[in-house]
Amino acid sequence: MAIIEIEGVTKAYPARKGGSPVTAVDDVSLSIEAGEIVGVVGYSGAGKSTLVRLVNALEPATSGTIRVDGTEVTGLGERGLQKVRLGIGMIFQQFNLMHSRTVYGNVAFPLVVAGLSRQERHERIVELLTFVGLAEKAHAWPEQLSGGQKQRVAIARALATNPSILLADEATSALDPETTVEVLDLLRRVNDELGITIVVITHEMEVVKSIADRVVVMEQGRIVEEGPAFDIFARP
Ligand code: ADP
Ligand code: ADP
């Protein structure tokens, strides 16, 4: 079953002052199966982040339809959108941790929002931090952690509410090669052991080569190539 279905989606931004309008995503169709790891690659400005924001329902598409887990996102009200967003975890290049909270507090945050009791929260947080290998860092502050550890906390937080999809937007771009491998290994476990569908957006070809089942190449808002990672990178 396709867990994400993008059909003929276009996103146009109005002209910025002194500029011209931008078609950030241009008539894109893409279907992602449950359990896949899909890499979306392309240079800066290709439209990768915009595509992710559309899937996560952070912005409305100009035209076309997007279905997430069978629900058509286009045309949903705020309540429906909240529900879709709960089913999607996100991680970012700069980790986006809250610096005024401990590791524990960061992972607790989405669970507080979801209305879990203190006891339920505690069990879930311990489980998540154990899964990402950071149980002993519960009391640490984000600035006391390495980049790889910060991203692992961000992954724990993203998984807190049991999403079926994880969107990784340049999640390894701020990390050195060794730490990148460590984070990619964790993402593989998220996919294997938890069955979560993962979309990896990156400009780093090595990253998709090592992790993605399938690769989509974007250029100027369009998908210009799509196929198994092996085939795409074997092409001259
Ligand atoms: P990528 O993630 O591949 O770097 P983006 O999706 O960020 O690409 O950007 C695609 C295009 O859309 C770029 O030309 C960018 O300048 C433009 N763009 C992105 N967000 C906005 C916005 N909020 N307003 C206007 N233009 C935008
Ligand atoms: P709230 O988020 O409502 O303040 P929490 O139960 O999420 O309440 O946690 C409060 C604080 O207690 C957290 O910031 C955390 O540092 C600390 N804490 C509670 N239990 C633990 C634990 N087992 N391991 C680490 N920290 C804990």
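Residues numbered from 1 in each chain as written. Chains lettered and ligands numbered in written order. Predicted model: local features only at pLDDT ≥ 70, side-chain atom pairs only at ≥ 80, totals over all residues. Heavy atoms only, no water.

Draft legend 1. Structural context of the site of ligand 2. Surrounding ligand 2, one finds Thr102, Tyr104, Ala108, Arg118, Arg121, His122, Ala138 and His139. In the model, an oxygen atom of ligand 2 is placed 3.1 Å from a nitrogen or oxygen of the arginine 118 side chain. Coverage of ligand 2 by the protein amounts to 60% of the 550 Å² it exposes when considered alone. At the level of secondary structure, the elements contributing two or more residues to the shell around ligand 2 comprise helix H3 (103-113) and helix H4 (118-131). Broken down by element, the residue count for the shell around ligand 2 peaks at three residues, all from H4. Looking at the shell around ligand 2 residue by residue, the classes come out as three nonpolar, three polar and two charged. (Near = heavy atom within 4 Å. Polar contact = N/O pair within 3.5 Å; in protein donor to acceptor, adjacent residues only side chain to side chain. Areas by Shrake-Rupley, 256 points an atom, 1.4 Å probe, with all protein chains shown as cover. Helix = DSSP H or I, 4+ residues; strand = E, 2+ residues; numbered from the N terminus. Nonpolar A, V, L, I, M, F, W, Y, C, P; charged D, E, K, R; others polar.)

Draft legend 2. Representation of the site of ligand 1 in the model. Neighbouring residues of ligand 1: 13 residues in total, closest Gly45, Gly47, Lys48, Ser49 and Thr50. Here alanine 46 contributes a backbone N or O atom positioned 3.1 Å from an oxygen atom of ligand 1. Separating an oxygen atom of ligand 1 from a side-chain N or O atom of threonine 50 is a distance of 2.5 Å. Where the shell around ligand 1 is concerned, the elements lending two or more residues are strand S2 (22-33) and helix H1 (48-55). In terms of residue count, H1 provides more of the shell around ligand 1 than any other element does, four residues in total. Among the residues forming the shell around ligand 1, the class breakdown is five nonpolar, five polar and three charged.

Draft legend 3. Summary view of the pattern of salt bridges. Throughout the structure, instances matching the rule amount to 13 salt bridges. Between arginine 214 and glutamate 36 there is a salt bridge; the shortest N-O distance is 2.8 Å. With arginine 214 in strand S9 (residues 214-219) and glutamate 36 in the loop between S2 and strand S3 (37-41), this residue pair connects regions lying 178 residues apart in the sequence. Side by side, arginine 214 and glutamate 36 carry an identical accessibility label, which is buried. One network of salt bridges, with partners in common, ties together Glu5, Glu7 and Arg67. (Salt bridge = Lys/Arg side-chain N within 4 Å of Asp/Glu carboxyl O. Buried < 20%, exposed > 50% of the residue type's maximum accessible area, 1.4 Å probe, protein only.)

Draft legend 4. Representation of the sheet that holds strand S10 (residues 222-228) within the structure. Spatial strand order, S6-S7-S8-S3-S9-S10: six strands in an open sheet with mixed pairing. Of all the strands in the sheet, just strand S6 (88-92) and S10 have a single pairing partner and so form its edges. Taking each pair of neighbouring strands and ignoring which way they run, the sheet shows an average axis angle of 15°. (Pairing = 2+ DSSP bridges. Axes fitted to C-alpha atoms, helices over the stretch in contact; angles between N-to-C directions.)

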